[in-house]
Each structure stands twice: as C-alpha cells, then as structure tokens.
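For reference, the chains in residue letters:
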Amino acid sequence: MLHSRLLTYVDEVARTGSIRKAASHLNVAASAISRQILALETELGTPIFQRLPRKLILTAAGEVLVGHIRQTLKELTRAQGKIEELKGLRRGEITVAMMSGLASNLVPGTVKQFRVSNPRVRLCLTLLTTGEDIQSAVASGEADLGIGFDFTRGSHLKVLARAAGKLGAVMAPSHPLAKRNQIRLGECVDYPLVIADGSTVIRPYLDSAFAKASLEPLPIIETNAIEIMRHAAILDNGITFLTPFDIEFERRVGRLVYVPVRELAHETQTLMLIGHERGTSAIASVLAEMLKAMMREAAA
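The notes below deal with the structure included here.

Analysis parameters
Residues numbered from 1 in each chain as written. Predicted model: local features only at pLDDT ≥ 70, side-chain atom pairs only at ≥ 80, totals over all residues. Heavy atoms only, no water. Pairing = 2+ DSSP bridges. Helix = DSSP H or I, 4+ residues; strand = E, 2+ residues; numbered from the N terminus. Axes fitted to C-alpha atoms, helices over the stretch in contact; angles between N-to-C directions. Salt bridge = Lys/Arg side-chain N within 4 Å of Asp/Glu carboxyl O. Buried < 20%, exposed > 50% of the residue type's maximum accessible area, 1.4 Å probe, protein only. Parallel < 35°, antiparallel > 145°, perpendicular 65-115°, else oblique. Left-handed = near helix turned anticlockwise from the far one by under 90°. Contact = heavy atoms within 4.5 Å. Core = buried A, V, L, I, M, F, W, Y, C linked by side-chain atoms within 4.5 Å. Phe/Tyr/Trp six-rings, centres within 6.5 Å; stacked < 30°, edge-to-face > 60°. Expected span 1.5 Å × (residues − 1). Arc of directions from axis to C-beta.

Each strand in a sheet pairs with its neighbour through backbone hydrogen bonds, running either in the same direction (parallel) or in the opposite one (antiparallel). Strands sit in the order β4-β3-β5-β12-β6 across an open sheet of five strands; the sheet is mixed. Only two strands of the sheet have a single neighbouring strand rather than two, namely β4 (121-128) and β6 (157-166). Each neighbouring strand pair of the sheet contributes to a mean axis angle of 15 degrees, computed without reference to strand direction. Bridge count for strand β3 (residues 92-99) against strand β5 (residues 145-149) is three bridges, and the pairing is parallel. Along β5, the bridge assignment pairs V96 with L145.

Moving on: the pattern of salt bridges. For the coordinates displayed, the defined rule picks out eleven salt bridges. The salt bridge partner of D11 is R70, with a shortest N-O separation of 2.6 Å. On the criterion of sequence distance, the pair formed by D11 in helix α1 (residues 2-16) and R70 in helix α4 (residues 60-87) is long-range, its members being 59 residues apart. Judged by its relative accessible area of 8%, D11 is buried. Taking the relative accessible area as the measure of exposure, R70 reaches 30% and is therefore partly exposed. Among the salt bridges present, the one from E250 reaches R230, with a minimum N-O distance of 3.4 Å. A residue pair is termed long-range when its members are at least 10 positions apart, and E250 in helix α10 (residues 248-252) and R230 in helix α9 (residues 226-235) qualify at 20 residues. A relative accessible area of 2% places R230 in the buried class. Each of D11, R15 and R70 takes part in salt bridges that share partners, so that together they form one network.

Attention now moves to the packing of helix α2 (residues 19-26) against helix α3 (residues 30-44). Relative orientation and spacing of two packed helices are given, respectively, by the angle between their axes and the distance between those axes. Following both chains from N to C, one finds α2 and α3 inclined at 120 degrees, their axes separated by 8 Å at the closest point. Compared by their axis directions, α2 and α3 come out oblique. α3 is crossed by α2, and the crossing has right-handed handedness. Contact residues: α2 offers I19, A22, A23 and L26, while α3 offers A30, I33 and S34.

Ranked by size, the top nonpolar core spans 36 residues in total, and within it I94, F114, I147, L271, L273, L287 and M295 carry the most contacts. Contributing elements (two or more residues each) for this core: β3, α5 (106-117), β4, α6 (131-140), β5, β6, β12 (268-276) and α11 (282-299). The element that contributes the greatest number of residues to this core is α11, accounting for eight residues. Setting aside anything within four residues of it in sequence, one finds I147 in contact with V96, A97, M98, M99, L102, V107, I134, L271, M272, L273, M294 and M295.

Next up on the list: the packing of aromatic side chains. Applying the stated criterion across every chain yields a total of two aromatic pairs. Between F149 and F245 the ring centres are 6.2 Å apart and the planes differ by 45 degrees, which places this aromatic pair in the tilted class. Linking F149 in strand β5 with F245 in the loop between β10 (239-242) and α10, this pair joins segments that are 96 residues apart in sequence. Residues F149 and F245 agree in their burial class; the two are buried.

Attention now goes to the sheet that holds strand β8 (residues 193-196). Spatially, five strands are ordered β9-β8-β10-β7-β11 in an open sheet, and the strand pairing comes out mixed. Only two strands of the sheet have a single neighbouring strand rather than two, namely β9 (221-223) and β11 (257-260). Averaged over all neighbouring strand pairs, the angle between strand axes comes to 30 degrees, with direction disregarded. Inspection of the sheet shows strand β7 (residues 168-171) paired to β11 by four bridges, in the antiparallel sense. Bridging from a neighbouring strand, M171 pairs with V257 of β11.

What follows covers the pairing of β5. Along any regular strand, the residues point their side chains to alternate faces of the sheet. Counting buried residues along β5, five of its five residues qualify, which places the element largely inside the surrounding structure. Residues of β5 alternate between two faces, with L145, I147 and F149 on one and G146 and G148 on the opposite face, all of them buried. Sheet analysis places β5 next to β12, joined by five bridges and oriented antiparallel. In the strand pairing of β12, G146 is matched with I274.

End to end, α3 covers 21 Å across 15 residues, agreeing with the expected 21 Å (1.5 Å per residue, within 8%). By the burial criterion, the buried members of α3 are A32, I33, I37, L40 and E41. Taken end-on, α3 shows its buried residues confined to a sector of 165 degrees, consistent with a single buried face. Opposite the buried face of α3, by more than 90 degrees, sit the exposed residues R35 and T42. After α3 finishes, the residue G45 shows a positive phi value of roughly 80 degrees.

Rendered as structure tokens:
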C-alpha cells in the first residue's frame, strides 16, 4: 500500500502540475509528497518533473514513468475489486456452457468441490450440442465459461486451458477385448458398435480411420449423446469410441475400460476451457482454476 501511495502522489502532481494542489486533493501534507518524489528521483537518477516558477511539468523520463504508473493503478483497482468481490461472502452466479458428455463425468466432481467452499454461489450448468453454440454463448456473455472439445478460434474468446485425449475403444470390463493393451478396428467390427453420429466432433475422426482401414462399420446405435454411448457399452457388451475424458467417472468406479486402438493412435481430441477475452468475475476465475486442475489430472 505504501508503494501505491507513492504512485498516487506522482500521478496527482502530474495531473495538477502542483505539489500544493496535489496535497490538497489527496488530503496529505505537501512536504510528504515533495519528500517522496525527491527520494524517487534520487533512486531513478533523473528528475521526473521540471520545476518551473508556477508549475511542475513532466520530463521525458517522467512521461514514461507516469504512463507506467497509470497502468499500474488501473490494474491495482481491478485487483482490489476482485478481492472485494471474493470477500463479499463469495456470492454471485456463474454460468458454464458445456458439451453433454462432460456433464456426468469430469464437471460434477469439480462442481462438488467448488460448492463446498462457495455455498452461496449459484451455478448454472447449461448443456449445448455443438462447440459453435458454446463459443457463441461465451462470446455473447450468456456464459462465463465454456468447456468442450476442439473449439475453433473465435473472436472475443480466450483459451484458458487445453488438454489432449486420444480416441480409443470403450467397453465393459467383462468384454472379451477389455484386457488387451491395444486392438485394431478390424477386431472391433465383430462386436456391436455404438458410434457417434454426424453432428458430433468425434465422427469425422472415426470416418477417416475406418476408411483408411477399408472397413465399413455397421453400428447398432448412432447417437450424439455420450451418455447413450457409455450405457450401451455397459449394457449391450458393445464397443464405442471415446476419449478418457468422456469416461473418467466410469473408469474410476470400474464400469468401463479404455483400450487404445492402433488406427486411432494419432486421432487426438482437445478438451478446451474458454472464457471471454475481457476476463471474468473473480468468483468465476476461482471455478476456472479448479476446472484447469481437473483437466490436468484427467489428462495425466
């Protein structure tokens, strides 16, 4: 705070052109301002004010310094506002737009952890179908944060975190292929397949891999719902194709296993957390940091 007081003194003298006027505006002794400015000039080794008979004007060095001071004071004011927001019993509302597959896996655990320390904050978790919808919601301010796969570069958006996950075969632990270290697509087609439909970000990767392997899959189910893919793999002894992010909870409790597929070894999806380029509220930033940690842990 002593540092910020000195910055305020220099800024006010630069604005008023007078130590006496600055002292009056700031309600401090003129001698205190004069003493600190002289000490600063001594430390810098150069004057920051040219002392004319009736006015003080900035030197070239002073112009550089005051530009820095004013930017610093703006940042300090912004930081103090965020701190006050956090001190206010952490109230408020956060809206997170996400792809449906993340709603019952990665995000709930983080939300539970966040709620323990922030019980007064209202969370709105909105499921959207496409990455474009999520990006639009964040860009327009309808959502504070967005989380999903393979977002394109969007205006007014900032990528806060990213983590890569490879597509692989997902099946029940009792499946004949579940204990393999790696399998091929040709082995998968002998079993019931549950495949993401054409509206998903997963489907183009699968189409490319099956085409390169000269295979034509005959799925028993095509869907855009990750939940259906997971449940079908559990109940119908089938195979679906997802990333470890999509089945984090089911893997942890032993309901599903993930087996790398040779033809999908280079097909990587990127889980991304996005926010608005102008930043977000302090409390939303707290949730964002927790989501980042979750992403790092899931990708490990």
